[in-house]
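# Descriptive analysis of the structure
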Amino acid sequence: MSLFLLTFILIYGGLHAYGLWKLQSAFSLGFRAMLPLLLVAVFLVLSPLLTRVSERAGHEGAALVLAHIGYPWMGFLFLFFVFSLLLDLGRLLNHFLPSPGGNPGTWFFLKGSVPFFLAFGAALLVSLCGALEARHLRVERLSVETEKLPPERTTVKILQISDVHLGLLVGKNHLERIARIIREEQPDLLVSTGDFVDGTLCHLPGLAESIRDLPAPFGKFAVTGNHEFYAGLPEALRFTEKAGFRILRGETVRLPGLLSITGVDDPAAGQSAGATDKTEKALLPDRGGLFTLLLKHRPIVQPSPEGRFDLQLSGHTHRGQIFPFTLITAIAYPYQSGTYTLAGGSLLHVSRGTGTWGPPLRVLSPPEITVIELKRPRHAAGRP
């Protein structure tokens, strides 16, 4: 059993044990009542693993059913744990802080089964709101002034999608919402910064075509994310190419007189086929005539290439996807979401992601499509 799998079972199993303990404490359930609940909890702990096993075995129907049961439950349980923990903290403070009557320990709503119902109701309400938030794509706009555009081209519009996670839970309906925004924005250039697919069902009919047929005069470019390798790299690459993207795996492409685009593999590539051992410094040209765009899944900035690119586009973090998990991802990735100015004058934009991974919920982290508009400064207009 891999360390990741063991860690997952211990943590997720612990959340279920906590939930069962809160249930038993609230209603004083006996062994006969708890036994079937324990069996259900074991099934729910294993459901994400069973989903992947069914998926890889080609049992798409079973995988879809398991995913629609297990992943929403995962989000709900996490939120129940958070709210219940907050109430437990309140109950602890209640023993030391006086109530309005002057005596500690008399806050009536923190007694008996009330805390369980409060945590359950809050988790259910936030889960429903999170499911709606996950469907509401927000367009984030970034304007970048640069004198590197040719005089005859005063603006270039780049549209970024990231972390779509097409597969079991993110499918045709969400992709149609994405495609509608792309058509409305009419970008010159479309880029995907990794995790375009999730799982092994990226051959679902019609999905690739809905992106491939969208116009982007300067092209569509993509890089790999970690989930391309988890899903199965050959199939993920075929699907992404079928969607009309050119995949940059340690490669620089120059659009003559306009842009230089460099794309690198996610570190999950390891020694996989097609991976390159070229460093970013070797890939990135000396910062000169062309505006240099770096596509990189994880928002990690290498010290040596800093200043050798004009704009890095990344994703991966989902901004935690479900608050307060945001606080944890912020520790792992200081550049968590939004636009940052780096040393040497480079810019980094980190997308919150366009889809969802795991629970089909987003709480205080709405999905994002990013529209970047490169503009020549007014004082440079018409100047060669």
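Let us look at the structure shown here.

Rules of the game
- Residues numbered from 1 in each chain as written.
- Predicted model: local features only at pLDDT ≥ 70, side-chain atom pairs only at ≥ 80, totals over all residues.
- Heavy atoms only, no water.
- 1 Å grid on protein atoms, 1.4 Å probe; cavity = no way out; pocket = protein on both sides within 12 Å on 5 of 7 lines; lining within 4 Å.
- Points joined across faces, edges and corners; volume = space filled by probe spheres on them.
- Nonpolar A, V, L, I, M, F, W, Y, C, P; charged D, E, K, R; others polar.
- Helix = DSSP H or I, 4+ residues; strand = E, 2+ residues; numbered from the N terminus.
- Contact = heavy atoms within 4.5 Å.
- Polar contact = N/O pair within 3.5 Å; in protein donor to acceptor, adjacent residues only side chain to side chain.
- Expected span 1.5 Å × (residues − 1).
- Bend = angle between axes of the 7 residues up to and from the residue.
- Pairing = 2+ DSSP bridges.
- Axes fitted to C-alpha atoms, helices over the stretch in contact; angles between N-to-C directions.
- Salt bridge = Lys/Arg side-chain N within 4 Å of Asp/Glu carboxyl O.

### So, empty space enclosed by the protein
- All told, the structure shown has 1 cavity of 30 Å³ or more when counted by the stated rule.
- Its volume calculated, the largest cavity comes out at about 40 Å³.
- Lining the largest cavity we find Ser192, Phe196, Ala222, Val223, Thr224, Glu228, Leu237, Thr240 and Ile247.
- Across the lining of the largest cavity, the residue classes break down as 5 nonpolar, 3 polar and 1 charged.

### Topic: the environment of Asp266
- Residue placement: Asp266 occurs in the loop between strand S7 (259-263) and helix H9 (280-283).
- It is 9.7 Å that separates the C-alpha atoms of Asp266 and Asp195, two residues lying 71 residues apart in sequence.
- Those residues in contact with Asp266 that lie beyond four places of it in its chain are Thr224, Gly225, Asn226, Phe229, His297 and Arg298.
- Separated by 2.7 Å, the side chains of Asp266 and Arg298 make a polar contact.

### Considering helix H3 (residues 60-94)
- With 35 residues, H3 extends 50 Å from end C-alpha to end C-alpha; this agrees with the ideal 51 Å at 1.5 Å per step.
- The largest bend in H3 is about 25°, located at Ala67.

### As for the sheet that holds strand S1 (residues 138-145)
- Reading across the sheet, the 6 strands line up as S1-S12-S2-S3-S4-S5 and stay open at both edges, with mixed pairing between neighbours. Two strands in the sheet have a free side with no partner beyond their single neighbour: S1 and strand S5 (246-247).
- As judged from the 6 bridges shared by strand S2 (residues 155-161) and strand S12 (residues 368-375), these two strands associate in the antiparallel manner. Along S12, the bridge assignment pairs Leu159 with Val371.
- The strands touched by helix H5 (residues 172-185) are S1, S2, strand S3 (189-193) and S12; relative to S2, the strand with the most contacts, the crossing angle is about 175°.

### What about the pattern of salt bridges?
- This structure, assessed with the given rule, holds 15 salt bridges.
- With a closest N to O distance of 2.8 Å, Asp88 and Lys22 form a salt bridge. Here Asp88 is found in helix H3, whereas its partner Lys22 is found in helix H1 (residues 3-27), with 66 residues between them in sequence.
- Residues joined by salt bridges that share partners form a network here, namely Arg52, Glu55 and Asp198.

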